[in-house]
Amino acid sequence: MVWPLLALCSATAAAGDVDHAAHAALEWVAEPEAQCVQLGGTMTGLRNRDRSRTLRVWVERWYLDVLTADRSRHDLPPDGSVRQLGCSETRSGTQRWTLFDARFLPTSEAQ
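Conventions adopted
- Residues numbered from 1 in each chain as written.
- Predicted model: local features only at pLDDT ≥ 70, side-chain atom pairs only at ≥ 80, totals over all residues.
- Heavy atoms only, no water.
- Disulfide = S-S within 2.5 Å.
- Helix = DSSP H or I, 4+ residues; strand = E, 2+ residues; numbered from the N terminus.
- Buried < 20%, exposed > 50% of the residue type's maximum accessible area, 1.4 Å probe, protein only.
- Pairing = 2+ DSSP bridges.
- Axes fitted to C-alpha atoms, helices over the stretch in contact; angles between N-to-C directions.
- Core = buried A, V, L, I, M, F, W, Y, C linked by side-chain atoms within 4.5 Å.
- Contact = heavy atoms within 4.5 Å.
- Polar contact = N/O pair within 3.5 Å; in protein donor to acceptor, adjacent residues only side chain to side chain.

(A) Geometry of the state of the cysteines. Counting across every chain of the model gives one disulfide. Across a sulfur-sulfur distance of 1.9 Å, C36 and C87 are joined as a disulfide pair. Judged by the sign of its S-S torsion, about -75°, the cystine formed by C36 and C87 is left-handed. Taken together, the positions of C36 in helix α3 (residues 34–38) and C87 in strand β5 (residues 82–87) put the pair 51 residues apart, joining distant regions of the chain.

The following block contains the structure:
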């Protein structure tokens, strides 16, 4: 019974340690990419609005309103480029992504 309690404590501690500036630097982008438009959706992407630091984000994928096991990590450079995640509509239905966490990388780790 100790392990579930430790997991709960760890999750609670992590939730209280939010980097609000990093979260605010993340921009969600919806672009009219041809294949996505044919399916009735848009291309979903991410952009770092901070122009001096690399942003590392973790996103979770939802497919047909069900959270999948797909948690992905993306390093977003400060150059304003968009990292595409995928179409909001697929042949089988909708998908979307939600932010799990965002952190600025220390300069030594930025690529």
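Further notes follow.
(B) Geometry of the pairing of strand β2 (residues 43–48). With five of six residues buried, β2 is to be regarded as a mostly interior element. In this structure, strand β1 (residues 26–31) lies alongside β2, joined through six bridges in antiparallel fashion. Across the sheet, the residue bridging to W28 is L46, located in β2.

(C) Structural detail: unusual backbone geometry. In the Ramachandran plot, L64 falls in the positive-phi region, its phi being about 55° despite a non-glycine side chain. Inspection of the secondary structure assignment puts L64 in the loop between β3 (55–63) and β4 (66–76).

(D) View of the sheet that holds β3. On the basis of which strands lie adjacent, the open sheet formed by three strands has the order β4-β3-β6 and antiparallel pairing. Two strands in the sheet have a free side with no partner beyond their single neighbour: β4 and β6 (95–104). Strand after strand, the sheet turns through a mean of 20° between neighbouring axes, direction not considered. The sheet contact formed by β3 and β6 spans nine bridges and is antiparallel. Bridge assignment links R61 to a residue of β6, and that residue is W97.

(E) Just the sheet that holds β5, in detail. Strand order in the open sheet formed by three strands is β1-β2-β5, with antiparallel pairing between adjacent strands. Two strands lie at the open edges of the sheet, namely β1 and β5, each paired on one side alone. If you compare each strand with its neighbour and ignore which way they point, the axes differ by 25° on average.

(F) Geometry of the nonpolar core. The biggest cluster of nonpolar side chains holds 12 residues, and these are A22, A25, L26, L46, L55, V57, V59, L76, L85, W97, A102 and F104. Listed by contribution, the elements that provide at least two residues to this core are α2 (20–25), β3 and β6. Setting aside residues up to four positions removed in sequence, L46 forms contacts with L26, E27, W28, V57, V59, H74, L76, S81, V82, R83 and L85.

(G) Up close: the environment of R71. The topology assignment puts R71 in strand β4. Sequence separation between R71 and V59 is 12 residues; the distance between their C-alpha atoms is 5.5 Å. Polar side-chain contacts of R71 include one of 2.6 Å to the side chain of E60.

Purely spatial values, then, with no claim about function.
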